[in-house]
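For reference, the chains in residue letters:
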Amino acid sequence: MPEKKKFFTFEDLKSGFFEDGTKKFAVLGCPIGHSLSPLMQNAALERIAESDPEFEGAGYFAFEIFPENLREALDILLEKGFLGANLTIPHKVAPLSFLEDVDLYAKSAGACNTLLNDGGKWKAFNTDGFGLEKALQILFEFSAEGRDIFILGAGGAARGAAFWLGRKNPRSLNLSNRSKDRLQSLVSDLRSSGIDCGEFSVSGLKIPENSALINATSIGLGASDGAVADFGKLPKSCVFFDMPYRLVGTTKSVEEARRAGLRAESGLAMLAYQGAKSLEIWTSKQFMGDFMFEILRKI
Ligand code: NAP
């Protein structure tokens with residue numbers, strides 16, 4: 001095993017590194033240096049090792065992999081005995097075109113973020129929807145059933161959210177996106193899988209009491225990004241969940257939503273709970289979501 005670095009490259013992966021027999025996991029993205037996943041996953045692996053010696057020395061490693069090297073990188077991870085991998089931007093969609101074993105929700109969402117080494121072949125899952133649902137429960141005691149859900153965005157994260165929450169019997173599921181063609185394609189995919197949904201516009205947004213507004217766009221990642229909605233016009237009984245998160249402070253949207261009296265949080269809890277679900281899939285150990293969220297909160 002090489003010394004622990006913030007992240008490794010494709011060349012590192014191809015070299016003689018990572019050939020020992022310890023339990024190994026990975027996250028692949030580009031860029032990847034900012035990822036908080038190694039921190040929370042390694043803390044959880046250490047916790048598991050306290051009661052299971054088979055996990056002594058287990059490690060979760062970040063790899064910066066360019067899209068053209070993804071397929072080969074996934075093959076090398078299997079050859080080197082990695083037990084599981086997370087995929088983050090921009091790798092969540094491509095593997096669906098070449099992996100044969102994809103779970104139903106990942107297939108319908110059109111994106112995967114978790115791969116399990118299933119006897120020498122990757123099986124793909126998507127834990128983002130679970131992570132979002134759990135974050136809404138923990139942060140706001142919000143459950144989708146019987147409620148009105150408004151999702152901003154039509155990219156991978158919005159698709160995951162819509163397909164997951166859409167199956168939880170909401171009263172209504174409503175979507176909005178900057179590019180209309182991407183929005184139409186999501187709406188049409190949802191309807192073909194039997195999920196009823198409508199569209200809304202952010203300008204002049206009016207939403208019912210007790211709804212959830214979820215930002216699944218990338219607005220909020222940049223320090224200078226503005227707020228995604230005019231929160232002053234929304235009922236104070238609504239909750240706002242911002243998938244992007246900032247390591248220092250919070251997003252402008254969360255700031256403004258709170259100022260307007262709404263309960264609002266950014267994406268750290270979702271990150272923790274989707275990651276904990278991945279770890280559960282790989283190890284079959286007890287779900288460690290609260291522990292991993294606590295690790296992230298302490299940063
Ligand atoms: P993506 O597939 O690239 O989609 C980006 C979305 O943002 C699209 O709907 C895009 O609209 C919209 N967008 C980008 N810039 C915009 C702008 N200036 N104005 C209006 N809309 C804009 O990315 P993704 O994978 O869905 O991720 C979206 C966000 O969710 C990212 O910030 C990511 O970090 C976050 N996320 C967080 C978690 C978590 O665990 N907290 C998990 C997954 C994702 P167009 O279609 O018009 O381009």
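Each remark here, short or long, concerns the structure printed above.
All of the points below concern the structure found in this document. (Residues numbered from 1 in each chain as written. Predicted model: local features only at pLDDT ≥ 70, side-chain atom pairs only at ≥ 80, totals over all residues. Heavy atoms only, no water.)

Brief notes about the sheet that holds strand E1 (residues 8-9)
At step 1: Spatially, seven strands are ordered E1-E3-E2-E4-E6-E7-E5 in an open sheet, and the strand pairing comes out mixed. Bordering the open sheet on either side are E1 and strand E5 (101-102), each of which pairs with just one other strand.
At step 2: Sheet analysis places strand E4 (residues 84-87) next to strand E6 (residues 114-117), joined by three bridges and oriented antiparallel. Residue Gly84 lies in a different strand from E6, and its bridge partner there is Leu116.
At step 3: Where helix H2 (residues 37-51) meets the sheet, it contacts strand E2 (24-29), strand E3 (59-64) and E4, and its direction lies at approximately 165 degrees from that of E3.
At step 4: Sheet strands in contact with helix H3 (residues 70-79) are E2, E3, E4, E6 and strand E7 (122-125), and its direction is about 175 degrees off that of E2. (Pairing = 2+ DSSP bridges. Helix = DSSP H or I, 4+ residues; strand = E, 2+ residues; numbered from the N terminus. Contact = heavy atoms within 4.5 Å. Axes fitted to C-alpha atoms, helices over the stretch in contact; angles between N-to-C directions.)

Regarding the nonpolar core
At step 1: Counting 63 residues, the largest nonpolar core has Leu132, Ile151, Leu175, Leu190, Ile214 and Phe241 as its most contacted members.
At step 2: Looking at which element gives the most residues to this core, the answer is helix H9 (residues 268-283), with nine residues.
At step 3: Once residues within four sequence positions are removed from consideration, Leu132 is found in contact with Ala161, Leu165, Ile214, Phe241, Met243 and Met270.
At step 4: Formed by 25 residues, the second largest nonpolar core is a distinct cluster that contains Phe18, Ile65, Leu74 and Ala85. (Core = buried A, V, L, I, M, F, W, Y, C linked by side-chain atoms within 4.5 Å. Buried < 20%, exposed > 50% of the residue type's maximum accessible area, 1.4 Å probe, protein only.)

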